[in-house]
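Working through the structure, step by step
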Amino acid sequence: MNGKIAGINCVVKKPLEIRVSDQKDNFSSGVAVVDIALQSVQTFDLGNITFKNNYTAFITVKVKCKPQDEKEETRWRDCVRQLRLMPDPHTETASQAYFTVSKSEMLFEPTEVIAVRLVLQQPSPVWAHFGIEEVAIFPPEIKPERLTSVTTWLLENQHLTDSNPRQTSKKHSESTPPVDKITAGLQHLWALTETMRANQTQVSLGRYDVDGSYEINLLSYT
């Protein structure tokens, strides 16, 4: 099985089932191990793991991280411990569901990971085989940073950073009329309004008719 870590290739090996045997019997221990080997990269930060279940009841995620000290020995650490996948191992509920193991379920933040191991458990003897499929590993989600106050101010005032500020100022002055012209226009409009209001007649003109019919001689355009 092949997986990708945000464009970085990795190889998800087949589950290795651990069996218990003696001189007479050979039976399953209910535990299987899946190793994930990196390709093209040496380390990565683990964000989440997605997969499709195949009758696995519990999963444990182990990681090996790059040691801070060269003298320190690399060791497996439990990143997620016995996460329940099936509510009841003896029934099929969630036996073939899709899962995502996110950072909120991890015991620590795995950084500079060099290897990943998945430990699968199925204590029920009902299922002859179990495992997981379609495994994919992703780095932490990078959220865009909020705009700083300086960046916001620059975006809102781009005209101030124009390459030719004199030309920009000239355009603004040409598009905006002088204040005295605006004032004179408003005063003239107000005077016209008052004149029309004073000349309004209060007498109704009535209809130009005689005995219920229009008289053509009374209709004049003068």
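Residues numbered from 1 in each chain as written. Predicted model: local features only at pLDDT ≥ 70, side-chain atom pairs only at ≥ 80, totals over all residues. Heavy atoms only, no water.

- In the annotation of an unreviewed UniProt entry, the entry for the protein chain reads Nicolin-1-like isoform X1, and the organism field reads Acanthaster planci.

1. Quick notes on the sheet that holds strand 8 (residues 98-101)
- Spatially, the three strands line up as an open sheet ordered 8-5-10, and their pairing is antiparallel. In this open sheet, the two strands that pair with only one neighbour each are strand 8 and strand 10 (131-138). Ignoring which end each strand starts from, the neighbouring axes of this sheet average 20 degrees apart.
- With four bridges connecting them, strand 5 (residues 48-54) and strand 8 associate as antiparallel partners. If you follow Thr50 over to strand 8, its bridge partner there is Thr100. (Pairing = 2+ DSSP bridges. Helix = DSSP H or I, 4+ residues; strand = E, 2+ residues; numbered from the N terminus. Axes fitted to C-alpha atoms, helices over the stretch in contact; angles between N-to-C directions.)

2. So, the pattern of salt bridges
- Overall, the coordinates contain four salt bridges when judged by the stated rule.
- For Lys62, the salt bridge is made with Asp78, and the minimal N-O distance between the two is 2.5 Å. Here Lys62 is found in strand 6 (residues 58-65), whereas its partner Asp78 is found in strand 7 (residues 77-84), with 16 residues between them in sequence.
- Note on Lys62: relative accessible area 22%, which makes it partly exposed.
- Close ionic contact of Lys103 with Glu109 constitutes a salt bridge, the shortest N to O distance being 3.5 Å.
- On the accessibility criterion, Lys103 (35% relative accessible area) is partly exposed. (Salt bridge = Lys/Arg side-chain N within 4 Å of Asp/Glu carboxyl O. Buried < 20%, exposed > 50% of the residue type's maximum accessible area, 1.4 Å probe, protein only.)

3. A closer look at the packing of aromatic side chains
- All told, the structure shown has two aromatic pairs when counted by the stated rule.
- Ring plane angle 25 degrees and centroid distance 5.8 Å describe the contact between Phe51 and Phe99, whose orientation is recorded as stacked. Here Phe51, found in strand 5, pairs with Phe99, found in strand 8; they are 48 residues apart in sequence, far enough to count as distant.
- For Phe51, a relative accessible area of 1% corresponds to the buried category.
- Between Tyr55 and Trp127, the ring centres sit 4.7 Å apart and the planes meet at 40 degrees, which makes this aromatic pair tilted. With Tyr55 in the loop between strand 5 and strand 6 and Trp127 in the loop between strand 9 (113-121) and strand 10, the pair connects residues that are 72 residues apart, well separated along the chain. Of the two residues, Tyr55 and Trp127, both sit in the buried class.
- The aromatic ring of Phe108 is capped on one face by Arg77, whose charged end is 3.9 Å from the ring centroid. (Phe/Tyr/Trp six-rings, centres within 6.5 Å; stacked < 30°, edge-to-face > 60°. Lys NZ or Arg CZ within 6 Å of the ring centre and 35° of its normal.)

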